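Residue-level structural notes
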Amino acid sequence: KSQSKVPSVMTGFYAQAIHIAAENGHADAIVELLAYGADINSMSMGLTPLHLAATKNRPEALKILLENNAKVDIISELDGSTALFIACGHGFDVVVRLLLKYGADTSIRNMKTGAFPLLHATVNNKMQIVRMLLHDGHADANEATADGWR
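Residues numbered from 1 in each chain as written. Predicted model: local features only at pLDDT ≥ 70, side-chain atom pairs only at ≥ 80, totals over all residues. Heavy atoms only, no water.

**Structural notes on the packing of helix α2 (residues 27-35) against helix α4 (residues 59-67)**
Let me state the cut-off plainly: Working convention: axes come from line fits to C-alpha atoms, limited for helices to the stretch in contact. Angles between N-to-C directions cover 0 to 180 degrees. By the criteria applied, helices consist of DSSP H or I runs no shorter than four residues and strands consist of E runs no shorter than two, each listed in order from the N terminus. Working definition: roughly parallel below 35 degrees, roughly antiparallel above 145 degrees, roughly perpendicular at 65 to 115 degrees, and oblique for all remaining angles. Throughout, a crossing is termed right-handed when the near helix is turned clockwise from the far one, and left-handed when it is turned anticlockwise from it by less than a right angle. Every residue pair with non-hydrogen atoms within 4.5 Å of one another is taken to be in contact. We call Asp, Glu, Lys and Arg charged. Ala, Val, Leu, Ile, Met, Phe, Trp, Tyr, Cys and Pro are nonpolar, and the rest, Gly among them, are polar.
One way to put it is that α2 packs onto α4 with a least axis distance of 8 Å and a crossing angle of 25°. Relative to α4, the element α2 lies roughly parallel. Taken as a pair, α2 and α4 cross one another with a handedness that is right-handed. Across from Ala27, Ile30 and Val31 in α2, the residues of α4 making contact are Glu60, Ala61, Ile64 and Leu65. Class assignment for the residues of the contact of α2 with α4 results in six nonpolar, no polar and one charged.

The structure is reproduced here in structure tokens:
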């Protein structure tokens, strides 16, 4: 009897296998799961594999997801964030650079706070990210929150 080396892509208690692979940075597992039809943009607990890779600073996993057409600007059902917003707040420069390279939109507000990635990076004093957003991401230096606070 042959044992499959590919974990099930059925939704489990917490997440699908692709979510677990993304969160833990297992790029090879992501490739294998995608080859067997894993949904690259599926939500589990309000997050996609891309959100999890960004949250945990897993650039190799993030790159595989982006190369396989993960939606770069998908908004989390958990907290209203894009992967770019999350990475900017944490100061994950390699992740931010990859997201920008794949077309992440710097003008998408967090759905709960109304803040842009630039404001999130600034509030958290992530100056390398601030510079990257302004220079490479062409963020607007005059962006304000939804309520007008700057």
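**Focus on the pattern of salt bridges**
Where charged atoms from two side chains of opposite charge approach closely, those side chains can pair. Defined as follows: For this document, the term salt bridge refers to a Lys or Arg side-chain nitrogen within 4 Å of an Asp or Glu carboxyl oxygen.
Per the stated rule, a full pass over the model turns up one salt bridge. We note a salt bridge from Lys63 to Glu67, for which the minimum N-O separation is 3.5 Å. Of this pair, Lys63 and Glu67 are both found in helix α4, four residues apart, which corresponds to roughly one turn of the helix.

**Topic: the environment of Thr113**
Selection rule: By the criterion applied in these results, polar contacts are pairs of N or O atoms within 3.5 Å in which, for protein atoms, one can donate a hydrogen and the other can accept it, and in which residues neighboring in sequence qualify only through two side-chain atoms.
Tracing the backbone shows Thr113 in the loop between α6 (93-101) and α7 (117-123). Residues Thr113 and Ser81 lie 32 residues apart in sequence; the distance between their C-alpha atoms is 9.2 Å. A distance of 3.2 Å separates a polar atom in the side chain of Thr113 from the backbone nitrogen of Ala115.

**Details of helix α5 (residues 83-90)**
We apply this condition: When accessible area is computed with a 1.4 Å probe and restricted to protein chains, residues below 20% of their type maximum are described as buried, those above 50% as exposed, and intermediate ones as partly exposed.
In terms of burial, α5 is a largely internal element, seven of the eight residues being buried. Within the span of α5, buried status applies to Ala83, Leu84, Phe85, Ile86, Ala87, Cys88 and Gly89. Turning to α5, the residues buried within the fold contact α3 (49-55), α6, α7 and α8 (127-135). One or two steps after α5, the chain reaches Gly91, where phi turns positive at roughly 80°.

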